[in-house]
Amino acid sequence: MNIGLQRIHTFAVKYFPLVILIAIWELLPALGIVSPDILPSILAIAVALIDLFASGTILEHMRVSLFRAFTGLGLAMVFGITAGVTMAWFMPVRIVLNPLIQMFYPMPKSALIPVVIIWFGIGDASKIVLVFLGCMLPMVVGTFNGARGVDRETIWSARSMGTGDFEMIWRILLPSAMPEILNGARTALALCFALLVSAELLISRHGLGFLIGNYNEIGDNTRMFAVILIFALIGYGADRLYLLLRGRTLAWMG
Amino acid sequence: MAEQTNITVENLSHTYMPPKGKPVLALDGITLSVKDKEFIALLGPSGCGKSTLLYLMGGFLDIQDGQIRVNETPVTEPSRDRGIVFQHFALFPWKTVIQNIRFGLDKMNLAKSERDERARYYIDLVQLHGFEDSFPSQLSGGMKQRAAIARTLAMDPAILLMDEPFGALDAQTRMFMQAELLAILEKTPKTVVFVTHDVHEAVLLADRVAVMSARPGKINEIADIELGGGPKDVKSPEFAEMVDHLWDGVRKEALAAGQGR
């Protein structure tokens, strides 16, 4: 088999399951096995999706959701990485923070939705805080594990070349920990959308999650599926972007 | 550097505290002096504390009992005067060869042209020309160790501490690197402390060999490797005799350690 054919072959194998899924999806309502009200056809969903964009309805909600998700995630990364690396380097910080993290880590963060609503209202702030709290933990844990895993010889080498504390953290611990930090970031990325949609579904006046709930209530299932599809696309896009950045950042791993 | 560099170790003991179990006495009353531009090998069975002794000289571990002085100044922390090379290279894997070499160099108070020149010089010295922009993961073991040696030498430390630097390399590469190290030291003489468990390597490289006992580490013997002056002839009977003699000492200690102390 030549290379061109092999590529097509690989491509076909890779996307075959997706094609099967779409085929079944189309067939079920078409054959009358499932009512189109419950499972609208892909074509109808695609039309609704284009319409949502064309009318501009979706854009404001998308802006709100993306702002909430990425502000929360961004803050979680900054605070999480700082906390993780500080814990790894300074024992007193580790002693204070470790028990808190171990207690908080297994708790489902969606349980905090009512709490953040009471404290921060139903607008942006509560969603950002929730995403921040949920995403911070995988960032802290990833950074901490990565920075603790740096072997002493690497640190000693840097020391013997005149590296001080701050520089050690910034130029040795962080780059060494980068693979684990990025693993944490991937978990956080998935978590940030999950938490955002839960919170917006439950109580909100804007955002894509609110829109899903809203279309559900008024019985417009085609549009509801269209918004869900947007989430799938955003999630997929974010993960692709993540993989691209990861590949660039970790080129040294060879 | 015109000034003299010597290391004095006096009555040094060190206890190691494992995470679980009882404290272990690793070094017991070590006294040793290393002269200026001398190459001394610390030879002993594994677990005898020779690396611990080296780390204490480097200032990486806290001194508990006794003293180490470099030119009469007590060692308390790592210093640029004491460069170190580890068995597993300890290169920064996210930096290229040239970035590794520049890491310490760029922190020295030197003009940029001087730093550029030094980096180039040491790249050439360890024959890594053409691999400046490679990451450590793309290099063979021997090349990694040469990069690590260049990184340390580029700082021009008066003292070179080497912790089984060729222990992770295959036999052929090791032989090649041993010859290369001697050639490099010929060009840039330094005071060297070299940890090894390889008797042949110790005799080949060192001016003096300190043979250590099994744990707790003591110095059993310090052998002068004077084999009639000039370059050492590994095929001479004197060389073979010296290796045999030292090997006897190491074997006895290894056996003693093996018989479950």
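Residues numbered from 1 in each chain as written. Chains lettered and ligands numbered in written order. Predicted model: local features only at pLDDT ≥ 70, side-chain atom pairs only at ≥ 80, totals over all residues. Heavy atoms only, no water.

### Re the packing of helix 2 (residues 97–105) of chain B against helix 4 (residues 141–154) of chain B
Residues and elements named next belong to chain B. To keep things clear, this is the line we draw: Axis definition: a line fitted to C-alpha atoms, over the contacting stretch in the case of helices. Angles run 0 to 180 degrees between N-to-C directions. Strands here are runs of E lasting at least two residues and helices are runs of H or I lasting at least four, both read from the DSSP assignment and numbered beginning at the N terminus. Any angle that falls under 35 degrees is termed roughly parallel, while one over 145 is termed roughly antiparallel, one within 65 to 115 roughly perpendicular, and all others oblique. By the definition used in this description, the sense in which the near helix is turned from the far one sets the handedness, with an anticlockwise turn below a right angle giving left-handed and a clockwise turn giving right-handed. Throughout, a contact is declared for two residues whenever any of their heavy atoms are within 4.5 Å. Throughout, the ten residues Ala, Val, Leu, Ile, Met, Phe, Trp, Tyr, Cys and Pro are labelled nonpolar, Asp, Glu, Lys and Arg are labelled charged, and all others, Gly among them, are labelled polar.
As a packed pair, helix 2 and helix 4 sit with axes 8 Å apart at the nearest point and diverge in direction by 25°. One finds that helix 2 runs roughly parallel with respect to helix 4. Note on packing geometry: the crossing formed by helix 2 with helix 4 is right-handed. Here helix 2 contributes Val-97, Asn-100, Ile-101 and Leu-105 to the contact with helix 4, which in turn contributes Ala-147, Ala-150, Arg-151 and Ala-154. Split by residue class, the contact of helix 2 with helix 4 holds 6 nonpolar, 1 polar and 1 charged.

### Description of the sheet that holds strand 8 (residues 191–196) of chain B
Residues and elements named next belong to chain B. Here is the rule we go by: The criterion for strand pairing is that DSSP finds at least two bridges linking the strands in question.
The strand order 6-7-8-3-9-10 describes an open sheet built from 6 strands, whose pairing is mixed. Since the sheet does not close on itself, it has two edges, and those belong to strand 6 (82–85) and strand 10 (219–224), each with one partner. For this sheet, the mean inter-axis angle between neighbouring strands, taken without regard to orientation, is 15°. Here strand 3 (residues 39–43) pairs with strand 9 (residues 208–212) via 4 bridges, running parallel. Within strand 9, the position partnered with Ala-41 by the bridge is Val-209. Across the face of the sheet, helix 1 (residues 50–58) comes into contact with strand 3, strand 6, strand 7 (159–163), strand 8 and strand 9 while running at roughly 150° to strand 7.

### Points about a nonpolar patch on the surface
Keep this limit in mind: Patches in this entry comprise residues that are over 30% relatively accessible and not in a salt bridge; like charges within 9 Å are linked, as are nonpolar side chains (Val, Leu, Ile, Met, Phe, Trp, Tyr) within 5 Å. Method for areas: the Shrake-Rupley scheme with a 1.4 Å probe, in which residue coverage is limited to the protein chains shown. Salt bridge, as applied in this entry: a Lys or Arg side-chain nitrogen positioned within 4 Å of an Asp or Glu carboxyl oxygen.
Taken together, the side chains of A:Phe16, A:Ile20 and A:Ile24 define a hydrophobic patch exposed on the protein surface, amounting to about 280 Å² of accessible area. Here A:Ile24 is to be found in helix 1 (residues 3–30).

### Here's the deal with the sheet that holds strand 4 (residues 65–70) of chain B
Residue and element names in this part refer to chain B. Strand order across the open sheet formed by 4 strands is 2-1-4-5, with antiparallel pairing between neighbours. The sheet is open, and its two edges are formed by strand 2 (24–34) and strand 5 (73–74), each paired on a single side. Pairing of strand 1 (residues 7–16) with strand 4 involves 5 bridges; the strand directions are antiparallel. Within strand 4, the position partnered with Ser-13 by the bridge is Asp-65. Each of strand 1, strand 2 and strand 4 touches helix 1; the most contacted strand, strand 1, lies at about 120° to it.

### Focus on the environment of A:Ala188
Residues and elements named next belong to chain A. Applicable threshold: Exposure is judged per residue with a 1.4 Å probe applied to protein chains only, and the accessible area is read against the type maximum: over 50% gives exposed, under 20% gives buried, and values in between give partly exposed.
Structurally, Ala-188 can be placed in helix 8 (residues 165–202). You can call Ala-188 buried: its relative accessible area is 0%. Remark: the alpha-carbon pair of Ala-188 and Gly-235, spanning 47 residues in sequence, is separated by 12 Å.

### Notes on unusual backbone geometry
Residue and element names in this part refer to chain B. Omega for the peptide link from Arg-215 to Pro-216 comes to -5°, which places this bond in the cis form. Inspection of the secondary structure puts Pro-216 in the loop between strand 9 and strand 10. One non-glycine residue, Phe-89, lies in the positive phi region at around 70°. Structurally, Phe-89 can be placed in the loop between strand 6 and helix 2. Residue classification places Phe-89 among the buried positions, given a relative accessible area of 12%. Despite not being glycine, Ala-90 has its phi angle at roughly 50°, a positive value. With respect to the helices and strands, the residue Ala-90 is situated in the loop between strand 6 and helix 2.

### Concerning the state of the cysteines
Test applied: Only a pair of cysteine sulfur atoms within 2.5 Å qualifies as a disulfide here.
What the rule picks out here adds up to 0 disulfides over all chains. Free cysteine A:Cys192: the closest other cysteine sulfur is in A:Cys135, separated by 5.0 Å.

### Examining the interface of chain B and chain A
To keep it simple, the criterion reads: A 1.4 Å probe defines the accessible area here, and the buried area is the portion of it lost by two parts on being joined, summed over both.
With 22 residues of chain B in contact, the opposing surface of chain A contributes 20 residues. Looking at the side of chain B facing chain A, the largest losses of area belong to B:Trp94, B:Phe103 and B:Lys107, adding up to 31% of the total buried there. In this structure, the connection of chain B to chain A is made through 1 salt bridge. The partner of B:Lys107 in a salt bridge is A:Glu167, with the nearest N and O atoms 3.2 Å apart.

### Description of the confidence of the model for chain B
Selection rule: A residue's pLDDT is the confidence the predictor assigns to it, expressed on a 0 to 100 scale.
Averaged over chain B, the pLDDT score is 91; the fraction of residues at 70 or greater is 97%. Two summary scores accompany this predicted model of the complex, namely pTM at 0.87 and ipTM at 0.92.

### Things to note about the pairing of strand 6 of chain B
Residues and elements named next belong to chain B. Residues of strand 6 alternate between two faces, with Arg-82 and Ile-84 on one and Gly-83 and Val-85 on the opposite face, all of them buried. Two elements, strand 6 and strand 7, share 4 bridges in a ladder whose sense is parallel. Residue pairing across strands places Gly-83 opposite Leu-160, the latter belonging to strand 7.

### Brief notes about helix 5 (residues 171–187) of chain B
Residue and element names in this part refer to chain B. Condition: Take the residue count of a helix, subtract one, and multiply by 1.5 Å to get its expected span.
Between the first and last C-alpha of helix 5 there are 25 Å, a value that for 17 residues agrees with the 24 Å anticipated at 1.5 Å per step. If you check which residues of helix 5 are buried, you get Met-177, Gln-178, Glu-180, Leu-181, Ile-184 and Leu-185. In this structure, the buried side of helix 5 is in contact with strand 3, helix 3 (112–125), helix 4, strand 7, strand 8 and helix 6 (199–205).

### Considerations on the side chain of B:Ser213
Residues and elements named next belong to chain B. Keep this limit in mind: The term polar contact refers here to a pair of N or O atoms within 3.5 Å; inside protein, the definition further demands a hydrogen-donor-capable atom paired with an acceptor-capable atom, and it admits residues adjacent in sequence only when both atoms are side-chain atoms.
Along the polypeptide, Ser-213 turns up in the loop between strand 9 and strand 10. By relative accessible area, Ser-213 is classed as buried at 7%. A distance of 3.3 Å separates a polar side-chain atom of Ser-213 from the backbone oxygen of Pro-216. When residues no more than four places from it in sequence are discounted, the contact partners of Ser-213 are Cys-48, Lys-218, Asn-220 and Glu-253.

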